[in-house]
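Read off the chains here:
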Amino acid sequence: TYSFDKVFGPDADQEMVYDEVVAPILEEVLMGYNCTIFAYGQTGTGKTYTMEGDLDTCQGKHAGIIPRTLYRLFDKLEKEDSEYSVRVSFLEIYNEELRDLLSNDEPGAPKLKIFEDMNRRGSNEVQGMEKILVNSAQDVISILQKGSHKRQTAATKMNEASSRSHCIFTITVHIKETTADGEDLLKVGKLNLVDLAGSENVGRSGAEKGRAKEAGMINQSLLTLGRVINALVEKGLHIPYRESKLTRLLQDSLGGKTKTCIVAAVSPAKINIEESLSTLDYAHRAKNIRNKPEVNQRMTKKALIREYETQIERLKLDLQATRDKNGVYLAAEVGLHYDNCCFLFLLLSILILAFKLDVQGLGGNGSKSKRPY
């Protein structure tokens, strides 16, 4: 017997799943929490359909979780009397390699690397990933369509368009609030929407050569995810997050400070009973993980400027150490090298100047414009 928060039968439609599962989570994102929704299950059970749906008709009955979330998000933001900004990123994990689905794929571009987020312990970031500023749901849909076409898919005996990679679509929302004494605060919420590649029986799917290797890598990363879940449930001394890029990126979502929801997709076919039971067991164990969600700290503009100034000082030291070959060379540790240090130093300097000018320009003029913050 398995116990879940909600169960949807074959008659359930996309709107029902969104209203009962995703809508409450979006409200928590707007309150300043980090949240994650990921779809797990056997290949061919409808995970990508649940997450993306038909991207050619994003407002129809076949629209999935991602497009519905985007339209609802911007609708809510436009109704609020606050300045805001929204950024999106789209990451693929294929054969344990990271790929930015929103980048231009320039030849010779450095590989993406994962490093620990210094501002949020237990959370990881991807260095060099595009985070695109967007102004409307339609902007994001165009970006999503572009990225989805670049995703690795292939036909197998079990699925004509089988996803051969894990994908993470992230929406980050910044909202400016004003306190009773007139001080500006910045509230940040993040939503990760994860479409996992399906677990696959190579013998039944007919995968051969390159496709068999893909299936092996998919199954290996999902096994690591299972070990992480088991270790968290059993309160083990060691949690093997670092054994897979997928589990490193989901570290904050599994036992961390993020609110997490798992959508377990199962097949109604009797021939798939073994895989369906495995999926249910997987989700049941994951449900016993206890995260400790924390609302992201609200920051004043002055505090944000101080944080950027601190980062600039750290980058100055990194840059000097790189020039002099003196001290600890951080390229291997955090993925920074000389060009990146120069670029980040310049970028942060520009951001601080922009924020300082913005603070001076906001001095009590009563503006309520919806320009991106």
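Keep in mind that what you see is a predicted model, and the values were worked out from it rather than measured.

### Focus: the overall build of the chain
- Secondary structure summary: the chain contains eleven helices and twelve strands in total.
- Considering the chain as a whole, with its 373 residues, one finds that 47% of them fall into the buried category.
- Long-range contacts, defined as pairs at least 24 residues apart, comprise 69% of the intrachain contacts of the chain with a sequence gap of at least 6.
- For the chain, the accessible surface area stands at approximately 19600 Å², while carbon and sulfur atoms represent 52% of it.

### What about the nonpolar core?
- Val 86, Phe 169, Ile 171 and Leu 193 are the most contacted members of the largest nonpolar core, which has 42 residues in total.
- When residues of this core are assigned to their parent elements, the largest contribution, eight residues, is made by helix H1 (residues 14-30).
- Apart from residues no more than four positions distant in its own chain, Val 86 is found in contact with Leu 73, Phe 74, Leu 77, Ile 132, Leu 133, Val 134, Ile 171, Thr 172 and Val 173.
- Among the nonpolar cores identified, the runner-up in size contains 27 residues, and Ile 93, Ala 197, Leu 225 and Ile 229 belong to it.

### Points about the pattern of salt bridges
- Under the criterion given, the structure shown has 14 salt bridges.
- Between Lys 287 and Asp 5 there is a salt bridge, with its nearest N and O atoms 3.7 Å apart. Of the two residues, Lys 287 is situated in helix H8 (residues 273-287) and Asp 5 in the segment before H1; the sequence distance between them amounts to 282 residues.
- Residue classification places Lys 287 among the partly exposed residues on the basis of a relative accessible area of 33%.
- Between Glu 28 and Lys 259 there is a salt bridge whose closest N-O contact spans 2.9 Å. Of this pair, Glu 28 sits in helix H1 while Lys 259 sits in strand E11 (residues 259-265); the two residues are 231 residues apart in sequence, bridging distant segments of the chain.
- Its relative accessible area of 23% is what places Lys 259 among the partly exposed residues.
- One salt-bridge network, in which partners are shared between bridges, spans Glu 125, Lys 131 and Lys 190.

### Points about the packing of H1 against helix H3 (residues 65-79)
- H3 packs onto H1 with a crossing angle of 45 degrees between their chain directions and a minimal axis gap of 10 Å. By the angle between their directions, the pair H1 and H3 is classed as oblique. Considering only the axes of H1 and H3, their crossing is right-handed. The residues of H3 that touch H1, namely those facing Gln 14, Glu 15, Tyr 18, Asp 19, Val 22, Ala 23, Leu 26, Glu 27 and Leu 30, are Ile 65, Arg 68, Thr 69, Arg 72, Leu 73, Lys 76 and Leu 77.

### Notes on the side chain of Asn 124
- Here Asn 124 shows up in strand E5 (residues 124-127).
- From its side chain, Asn 124 meets the backbone oxygen of Arg 248 in a polar contact 2.7 Å long.
- Those residues within four positions of Asn 124 in sequence are excluded, and the remaining contacts are Ile 114, Phe 115, Glu 116, Asp 117, Arg 248 and Gln 251.

### Things to note about the confidence of the model for the chain
- On average, the chain scores 80 in pLDDT, and the residues at 70 or more come to 77%.
- Of all helices and strands in the chain, the one with the weakest mean pLDDT is helix H10 (residues 331-334) (43), whereas H1 scores best (95).
- For residues 154-162, every residue scores under 50 in pLDDT, and the model assigns this stretch 26 contacts once sequence neighbours within four places are set aside.
- The low-confidence segment residues 359-369 (pLDDT under 50) makes nine contacts with residues lying over four places distant or belonging to another chain.

### Focus: the state of the cysteines
- All chains considered together, the criterion is met by zero disulfides.
- The thiol of Cys 35 is unpaired, and the distance to the nearest cysteine sulfur, on Cys 261, comes to 9.9 Å.
- Since its relative accessible area comes to 0%, Cys 35 is described here as buried.

### Focus: unusual backbone geometry
- Here the phi dihedral of Glu 96 falls at roughly 65 degrees; this positive angle occurs in a residue that is not glycine.
- Note on placement: Glu 96 falls in the loop between strand E2 (84-94) and strand E3 (97-100).
- At Lys 235, a residue that is not glycine, the phi angle is positive and equals roughly 55 degrees.
- Relative to the assigned elements, Lys 235 resides in the loop between helix H6 (210-233) and helix H7 (245-249).

### Quick word on the pairing of strand E1 (residues 34-41)
- Counting buried positions over the eight residues of E1 gives eight, a clear majority of the element.
- The two faces of E1 match: Asn 34, Thr 36, Phe 38 and Tyr 40 on one face and Cys 35, Ile 37, Ala 39 and Gly 41 on the other face are all buried.
- In this sheet, strand E10 (residues 184-195) lies alongside E1 in parallel orientation, the contact comprising six bridges. The partner of Thr 36 across the bridge, within E10, is Asn 192.
- Two strands pair when backbone bridges link them, and E1 and E11 are joined in this way by seven bridges, in the parallel orientation. Looking at the pairing, Ala 39 lines up with Val 263 of E11.

### Section: a nonpolar patch on the surface
- A cluster of nonpolar residues, Tyr 2, Ile 273 and Leu 277, forms a patch on the protein surface that exposes about 260 Å² of accessible area.
- Note on placement: Ile 273 falls in helix H8.
- Judged by relative accessible area, Ile 273 falls into the partly exposed class, the value being 48%.

About the criteria used
- Residues numbered from 1 in each chain as written.
- Predicted model: local features only at pLDDT ≥ 70, side-chain atom pairs only at ≥ 80, totals over all residues.
- Heavy atoms only, no water.
- Helix = DSSP H or I, 4+ residues; strand = E, 2+ residues; numbered from the N terminus.
- Buried < 20%, exposed > 50% of the residue type's maximum accessible area, 1.4 Å probe, protein only.
- Contact = heavy atoms within 4.5 Å.
- Areas by Shrake-Rupley, 256 points an atom, 1.4 Å probe, with all protein chains shown as cover.
- Core = buried A, V, L, I, M, F, W, Y, C linked by side-chain atoms within 4.5 Å.
- Salt bridge = Lys/Arg side-chain N within 4 Å of Asp/Glu carboxyl O.
- Axes fitted to C-alpha atoms, helices over the stretch in contact; angles between N-to-C directions.
- Parallel < 35°, antiparallel > 145°, perpendicular 65-115°, else oblique.
- Left-handed = near helix turned anticlockwise from the far one by under 90°.
- Polar contact = N/O pair within 3.5 Å; in protein donor to acceptor, adjacent residues only side chain to side chain.
- pLDDT = per-residue confidence, 0-100.
- Disulfide = S-S within 2.5 Å.
- Pairing = 2+ DSSP bridges.
- Patch = residues over 30% accessible without salt bridge, like charges linked within 9 Å, V, L, I, M, F, W, Y side chains within 5 Å.

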